[in-house]
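# Observations on chain architecture
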Amino acid sequence: MELYNSDIDKTILCNKLMAIAVDAVWEVDNIACVQYTLWQFIKNYPNIFILQMDSISASKAYSVWRFLFCGPHPCNLKQDYIALINDERFKKYRRKITRAYYYNLDKEECTAH
């Protein structure tokens, strides 16, 4: 199920999703829709996502990864984490992905629910 119109230009959609994700944190269930949509986008259009990640600063890119793994139960994202670090297309991001994943596992606001 896509939470966006399939006719939308994928690069524009990716830019908008990433703009929302930069410096974002999980606070309420509604943000889970953004996280879900971004995860689905990454799975369906990984090459577009990688190109857009390459076009933003390292700190913004890290905050996108951190946002993706933040939530009341980040351990539920273990499968996504494993899939990303094992995907050769994301090889250059492995360190940031791992750092963001474990950062959020340690954060009280991301694990206490």
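Residues numbered from 1 in each chain as written. Predicted model: local features only at pLDDT ≥ 70, side-chain atom pairs only at ≥ 80, totals over all residues. Heavy atoms only, no water.

### Focus: the overall build of the protein chain
The number of helices and strands found in the protein chain is seven helices and zero strands. Start at the N end of the protein chain and walk to the C end: the helices and strands fall as α-α-α-α-α-α-α. Across the protein chain, the fraction of contacts at a sequence separation of at least 24, relative to all contacts at a separation of at least 6, is 71%. Accessible surface computed for the protein chain: about 6,600 Å², of which carbon and sulfur atoms make up 53%. (Helix = DSSP H or I, 4+ residues; strand = E, 2+ residues; numbered from the N terminus. Contact = heavy atoms within 4.5 Å. Areas by Shrake-Rupley, 256 points an atom, 1.4 Å probe, with all protein chains shown as cover.)

### A short note on the pattern of salt bridges
This structure, assessed with the given rule, holds four salt bridges. Where K92 meets D54, a salt bridge forms, and the shortest distance between an N and an O atom there is 2.8 Å. With a gap of 38 residues between them, K92 in the loop between α5 (78–86) and α6 (94–106) and D54 in helix α3 (residues 46–54) connect regions that are remote in the sequence. Judged by relative accessible area, K92 falls into the exposed class, the value being 55%. Judged by relative accessible area, which is 42%, D54 ranks as partly exposed. The partner of R89 in a salt bridge is D87, with the nearest N and O atoms 2.7 Å apart. Judged by its relative accessible area of 17%, D87 is buried. (Salt bridge = Lys/Arg side-chain N within 4 Å of Asp/Glu carboxyl O. Buried < 20%, exposed > 50% of the residue type's maximum accessible area, 1.4 Å probe, protein only.)

### Here's the deal with the side chain of D87
The topology assignment puts D87 in the loop between α5 and α6. One polar contact links D87 to R89, side chain to side chain, over a distance of 2.7 Å. (Polar contact = N/O pair within 3.5 Å; in protein donor to acceptor, adjacent residues only side chain to side chain.)

### Thoughts on the packing of aromatic side chains
Centre distance and the angle of the planes are the two values used to describe a pair of aromatic rings. Applying the stated criterion to the full structure yields 11 aromatic pairs. Judged by centre distance (5.0 Å) and plane angle (45°), the rings of F41 and Y45 are tilted. On the basis of relative accessible area, F41 is assigned to the buried category, the value being 0%. Seen in terms of ring centroids, W65 and F90 are 6.2 Å apart; in terms of plane orientation they differ by 80°. Their pairing is edge-to-face. Remark: F90 occurs in the loop between α5 and α6 and W65 occurs in helix α4 (residues 58–69); sequence separation between them is 25 residues. Using a relative accessible area of 2% as the deciding quantity, one classes F90 as buried. The structure contains a cluster of three or more aromatic residues connected by ring pairs, namely W39, F69, Y81, Y101 and Y102. (Phe/Tyr/Trp six-rings, centres within 6.5 Å; stacked < 30°, edge-to-face > 60°.)

### Quick look at the nonpolar core
Judged by nonpolar contacts, the single largest core of 30 residues is most densely connected at F49, W65, F69 and F90. For this core, the secondary structure elements donating two or more residues are α1 (10–21), α2 (30–44), α3, α4, α5 and α6. In terms of residue count, α4 provides more of this core than any other element does, seven residues in total. (Core = buried A, V, L, I, M, F, W, Y, C linked by side-chain atoms within 4.5 Å.)

### A word on the confidence of the model for the protein chain
On average, residues of the protein chain score 81 in pLDDT, and 79% of them are at 70 or above. The least confident element of the protein chain is helix α7 (residues 108–111), whose mean pLDDT is 48; the most confident is α3, at 94. (pLDDT = per-residue confidence, 0-100.)

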